[in-house]
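# Observations on the three-dimensional arrangement
Read off the chains here:
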Amino acid sequence: MNANQEKPIIYLSARKVQGGAELARQLTFFGFECQAFSKQSALLAAMYTRAPFAVLLGEAGLEDCTAEQILPLIGKLSRGPLLYLTSSLSVVQQIHLMKIGVSDFVYFPLDIQKLIDRLDVLLEQSMSIPYRVLIVDDSDAMGKVSANILIKAGMEVQVLKNPLDVFFPLERFSPDIVLMDVYMPQCSGDEIAKVIRQYTQFDSVPIVFLSTETNRIKQLMARSMGGDDFWVKNMPEEELIASVNMTCARYRSLRRWMSCDSLTTLLNHTHIIDFLERSVARSKKEALSLSFAMIDIDHFKKINDNYGHSIGDQVIKSLARLLRQSINGEGAAGRYGGEEFAVVFTETSLVRAAQKVDDWRKRFSELIQSSNDIQFQVTFSAGVATLKNNMDAAQLIDAADSVLYQAKHAGRNQVGLHQA
Ligand SMILES: Nc1nc2c(ncn2[C@@H]2O[C@H](COP(=O)(O)OP(=O)(O)OP(=O)(O)O)[C@@H](O)[C@H]2O)c(=O)[nH]1
């Protein structure tokens, strides 16, 4: 979540929820804002003023109305998820509640980590980013026709006339799909597709030829050069929109599986390093600052030994979630390995990056972790370094790693700065 974005707000509406204060505290740690209401009028007034991302409703209802009475009113004022907190429900009761607006059921005793996982998924679904389409077509008119159709369907579109300039929008606009004309004066679509396919970072961007070419042999030739499909130009609007939507959805989901670590859904080792290498190249080219942090959970072996591997995993996930929600738009976070994380801060000075990491350190150390009835807290140590002219990505990693090592030896739960 970047600094200018409002935090998603959750309205906790209940007479009294056991552990409600702790729930609100944990939600705040994970980047949500939480407001509690025990009276119908206060809840409805708040909903009129600011629509919540989600509502949590206790089965006992509020002080002045039952859950069944308030449910339809909540449904009218909010289109977000409505989570019903309950001890147990029969299938018939669940069906009834779903008919009157409940979207999810959450059971007592509250498992806060699971609830936050669920809210994360719902949040991601609600914030689905529009597909980005890059159209490469030397004809202004043709490019604009397709662009207008796709923009009207809610997509972000860039049109490029000269295929030789394709690398700039590929890097900066980061399209979900490239719609490529075949016959262009500077070079043909299949020639530029072949060049694009030389660069592994664009491997997972589908290139679809849009052409009036109907000869199947020529179409197959073009696809063998690195294109993924061949669509006819001037296809009906609905068909173009549906084809782009389906292709983008499929490739986004594939990209997610390819580039994300399955436990944390942060970038995996390969992809965070790849991101760092590209960021280093760009920062040098454009004289921008770039900082990098290595973060390592303290005494993690003891956590596994004391509470078991699955609780260890839960701790890893809690830190990953904190990083994901805090870094948005200002770089990228990845799981470097085991209980070690790497964070790339684009256009960020050493001091600013270190302040951020130290803020995360404090927030993480205050987070209450739990294993059955036992509650405990965990800390991390970190090393932060900034890019110097003579450094490459590997040296930047080494620099951050060396100060992380010092932070560990100086007692842990601290952030080391690499002062070159
Ligand atoms: N639960 C869980 N444990 C993991 C995972 N990956 C690595 N580990 C464990 O993490 C532990 C890392 O321990 P160490 O490298 O000795 O470091 P530490 O105990 O964190 O101590 P310091 O880093 O010195 O503070 C090892 O016991 C690994 O087995 C994982 O995905 N899940």
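Residues numbered from 1 in each chain as written. Predicted model: local features only at pLDDT ≥ 70, side-chain atom pairs only at ≥ 80, totals over all residues. Heavy atoms only, no water.

Rule in force here: UniProt positions are given in the numbering used here, feature names are shortened, and annotations may be inferred rather than shown by experiment.
With an unreviewed UniProt entry as reference, the protein is termed diguanylate cyclase, source organism Iodobacter arcticus. As its UniProt record puts it under Catalytic activity (unreviewed entry), the protein is described as follows: "2 GTP = 3',3'-c-di-GMP + 2 diphosphate".

### Side note on the domain arrangement of the protein
Here is the rule: An automatic or database domain assignment provides the domain bounds reported here. Here's the idea: put two parts together, see how much 1.4 Å probe accessible area each one loses, and the total over both is what we call buried area. A carboxyl oxygen of Asp or Glu within 4 Å of a side-chain nitrogen of Lys or Arg is what we treat as a salt bridge. Any pair of N or O atoms that falls within 3.5 Å is considered a polar contact. Within protein, one atom must be able to donate a hydrogen and the other to accept it, and sequence-neighbouring residues count only if both atoms are side-chain atoms. By the criteria applied, helices consist of DSSP H or I runs no shorter than four residues and strands consist of E runs no shorter than two, each listed in order from the N terminus.
The domain architecture assigned to the protein consists of domain 1 (9-126), domain 2 (132-259) and domain 3 (269-417). One C-alpha centre belongs to domain 1, the other to domain 3; they are set 33 Å apart. Note on domain 1 versus domain 3: buried area summed over both sides is about 1100 Å², and carbon and sulfur give 44% of it. The largest contributions to the domain 1 side of the interface with domain 3 come from Phe29, Phe30 and Gln113, which together make up 57% of the buried area. For the pair domain 1 and domain 3, the interface holds two salt bridges. Here domain 1 is connected to domain 3 by three residue pairs in polar contact (both at pLDDT 80 or more). Among the elements of the structure, helix H1 (20-29) and helix H5 (112-126) are those that each provide at least two residues to the side of domain 1 that touches domain 3.

### A short note on empty space enclosed by the protein
Threshold: For cavity detection a 1 Å grid was placed over the protein atoms alone, and a set of points counts as a cavity when a 1.4 Å probe fits there but cannot get out; an open set counts as a pocket when protein lies on both sides within 12 Å along at least five of seven lines, with lining residues being those that have an atom within 4 Å of a point. Grid points are joined across faces, edges and corners, and a volume is the space filled by probe spheres set on the points. Amino acid classes used here: Ala, Val, Leu, Ile, Met, Phe, Trp, Tyr, Cys and Pro are nonpolar; Asp, Glu, Lys and Arg are charged; the rest, including Gly, are polar.
Counted by the stated rule, this structure contains one cavity of 30 Å³ or more. When its volume is computed, the largest cavity comes out at roughly 50 Å³. Sorting the residues of the lining of the largest cavity by element identifies strand E6 (132-136), helix H6 (140-152) and strand E8 (177-181) as the ones contributing at least two each. With three residues, the top contributor of residues to the lining of the largest cavity is E8. When its residues are assigned to classes, the lining of the largest cavity shows six nonpolar, one polar and three charged.

### Here's the deal with the pattern of salt bridges
Put simply, the test is: Type-normalised accessible area, obtained with a 1.4 Å probe on protein chains alone, sets the label of each residue: buried when under 20%, exposed when over 50%, and partly exposed for intermediate values.
According to the stated counting rule, one finds 23 salt bridges in the structure shown. Notably, a salt bridge pairs lysine 233 with aspartate 181, separated by 3.0 Å at the nearest N-O pair. Taken as a pair, lysine 233 in the loop between strand E10 (229-232) and helix H10 (237-259) and aspartate 181 in strand E8 lie far apart in primary sequence, 52 residues in all. Residue aspartate 181 is classed as buried on the basis of its relative accessible area of 6%. The residue arginine 282 makes a salt bridge to glutamate 286 at a minimum N-O spacing of 3.7 Å.

### Comments concerning the sheet that holds strand E11 (residues 290-297)
Picture the strands of a sheet paired through backbone hydrogen bonds; they go either parallel or antiparallel. Short version of the rule: Here, a strand pair is defined by DSSP locating no fewer than two bridges between the strands. Axes here refer to lines fitted to C-alpha atoms; in helices the fit is confined to the stretch in contact. Angles between the N-to-C directions go from 0 to 180 degrees. Every residue pair with non-hydrogen atoms within 4.5 Å of one another is taken to be in contact.
Ordered by their spatial adjacency, five strands build an open sheet running E12-E13-E11-E16-E17, and the pairing between neighbours is mixed. Two strands in the sheet have a free side with no partner beyond their single neighbour: strand E12 (331-337) and strand E17 (415-417). Averaged over all pairs of adjacent strands, the angle between their axes in this sheet comes to 20°, without regard to strand direction. Pairing of strand E16 (residues 380-386) with E17 involves three bridges; the strand directions are parallel. Bridging from a neighbouring strand, valine 384 pairs with leucine 417 of E17. On the sheet, helix H11 (residues 269-286) packs against E11, E12 and strand E13 (340-346) and is oriented at approximately 140° with respect to E12. Here helix H15 (residues 393-409) sits on the sheet in contact with E11, E12, E13, E16 and E17, set at roughly 145° to E16.

### Looking at the packing of aromatic side chains
To keep things clear, this is the line we draw: Two rings from Phe, Tyr or Trp (for Trp, the six-membered ring) form a pair when their centres sit within 6.5 Å of each other. Planes less than 30 degrees apart are called stacked, planes more than 60 degrees apart edge-to-face, and all others tilted.
Inspection of every chain in the model, using the stated rule, returns nine aromatic pairs. Relative to phenylalanine 230, the ring of phenylalanine 209 has its centre 5.8 Å away and its plane inclined at 45°; by these criteria the two rings are tilted. Taken together, the residues phenylalanine 209 in strand E9 (residues 207-211) and phenylalanine 230 in strand E10 connect sequence positions 21 residues apart. Each member of the pair, phenylalanine 209 as well as phenylalanine 230, carries the same accessibility label: buried. Put simply, the rings of Phe167, Tyr199 and Phe202 pair up and form one aromatic cluster.

### A word on helix H2 (residues 40-49)
Let me state the cut-off plainly: The arc refers to the directions leading from the helix axis to the C-beta atoms.
Restricting attention to buried positions, one finds in H2 the residues Gln40, Leu43, Leu44, Ala46 and Met47. Buried residues of H2, viewed axially, fall in a sector of 160°; they line one side. Facing away from the buried side of H2 by more than 90 degrees, the exposed set consists of Ser41, Tyr48 and Thr49. The elements touched by buried residues of H2 are strand E1 (9-13), strand E2 (33-37), strand E3 (54-58) and helix H3 (67-77).

### Focus: H11
As a reminder of what qualifies: To estimate the expected span of a helix, subtract one from its residue number and multiply by 1.5 Å.
Over its 18 residues, H11 extends 26 Å from the first C-alpha to the last, a length consistent with the 26 Å expected when each residue adds 1.5 Å. Of the positions making up H11, those classed as buried are Ile272, Ile273, Leu276, Ser279, Val280 and Ser283. Here the buried residues of H11 occupy an arc of 125° about the axis, which is enough to place them on one side. Exposed and oriented more than 90 degrees from the buried face of H11 are Thr270 and Lys285. Those residues of H11 hidden inside the fold are in contact with E11, E12, E13 and H15.

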